[in-house]
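Structural features, examined
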Amino acid sequence: MNYNINKGIGRTVEFKGLKAQYLFIFAGGLLGTLILVMIMYMAGVNSYVCLFLGAGGASLIVWQTFSLNRKYGEHGLMKIAANKRHPRYIICRKPVHRYLKFTPKQNAV
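In this text, all values refer to a predicted model and were calculated from it rather than measured experimentally.

Definitions and cut-offs
- Residues numbered from 1 in each chain as written.
- Predicted model: local features only at pLDDT ≥ 70, side-chain atom pairs only at ≥ 80, totals over all residues.
- Heavy atoms only, no water.
- Helix = DSSP H or I, 4+ residues; strand = E, 2+ residues; numbered from the N terminus.
- Buried < 20%, exposed > 50% of the residue type's maximum accessible area, 1.4 Å probe, protein only.
- Contact = heavy atoms within 4.5 Å.
- Areas by Shrake-Rupley, 256 points an atom, 1.4 Å probe, with all protein chains shown as cover.
- Expected span 1.5 Å × (residues − 1).
- UniProt positions renumbered as here; feature names shortened; annotations may be inferred.
- Phe/Tyr/Trp six-rings, centres within 6.5 Å; stacked < 30°, edge-to-face > 60°.

This paragraph deals with the overall build of the chain. Secondary structure summary: the chain contains four helices and two strands in total. Counting helices and strands in the order they occur from the N terminus, the chain gives β-β-α-α-α-α. With 109 residues in all, the chain has 15% of them scored as buried. Put simply, 60% of the contacts in the chain that link residues at least 6 apart link residues at least 24 apart. Looking at the chain as shown, the accessible area adds up to about 9,700 Å², and 64% of this sits on carbon and sulfur atoms.

In structure tokens:
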């Protein structure tokens, strides 16, 4: 099988419709699910429970990643993260007369 990962110079990386940071979320989520299942299996958890949690977790990650990609687009998650860093409103705690006070400049000779 041959998969085209990059579609040209200057364009973002895309694989099966997933773009940019969603690829990292997708790959990291599946890797984390695999490691979790391996740890549970080595700890002695029932293999059917491990299989169920692994398949359920992987399908949840795939579904959620593709829905985020569809909902927010290529740069949407970065825009949301940047928007959360901005203050909702600016708090001004100084009295108004502090802003309106006129102080003449000293002429240095």
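The next subject is helix H1 (residues 21-42). With 22 residues, H1 extends 32 Å between its outermost C-alpha atoms, agreeing within 8% with the 32 Å of an ideal straight helix rising 1.5 Å per residue. Among the residues making up H1, those that are buried are Gln21, Tyr22, Leu23, Phe26, Gly29, Thr33, Val37 and Met40. For H1, the secondary structure elements touched by its buried residues are strand S1 (14-15), strand S2 (18-19), helix H2 (47-72) and helix H3 (76-85). Immediately downstream of H1, the backbone of Gly44 shows phi near 100°, a positive value.

Further remarks concern the UniProt feature "transmembrane region" (unreviewed entry) in the chain. According to UniProt, the feature "transmembrane region" (unreviewed entry) maps to residues 20-39 and 45-63 in the numbering used here. Within residues 20-39, the helical portion is 95% and the strand portion 0%, while the C-alpha atoms at the span's ends are 30 Å from each other. Between the first and last C-alpha atoms of residues 45-63 the distance is 26 Å; the span itself is 89% helix and 0% strand.

A few words now on the side chain of Thr33. Mapped onto the elements of the fold, Thr33 is located in helix H1. Overall, Thr33 belongs to the buried group, its relative accessible area being 12%. Apart from residues lying up to four places away in sequence, Thr33 is in contact with Gly54, Gly57, Ala58 and Ile61.

In total, this model carries one aromatic pair according to the counting rule given. Between Phe26 and Phe66 the ring centres are 6.2 Å apart and the planes differ by 75°, which places this aromatic pair in the edge-to-face class. Here Phe26 is found in helix H1, whereas its partner Phe66 is found in helix H2, with 40 residues between them in sequence.

Let us look at the environment of Phe26. Since its relative accessible area comes to 19%, Phe26 is described here as buried. The sequence separation of Phe26 and Ala58 amounts to 32 residues, and the corresponding C-alpha distance is 9.4 Å. Those residues in contact with Phe26, other than ones at most four positions away along the chain, are Leu18, Ile61, Val62, Thr65 and Phe66.

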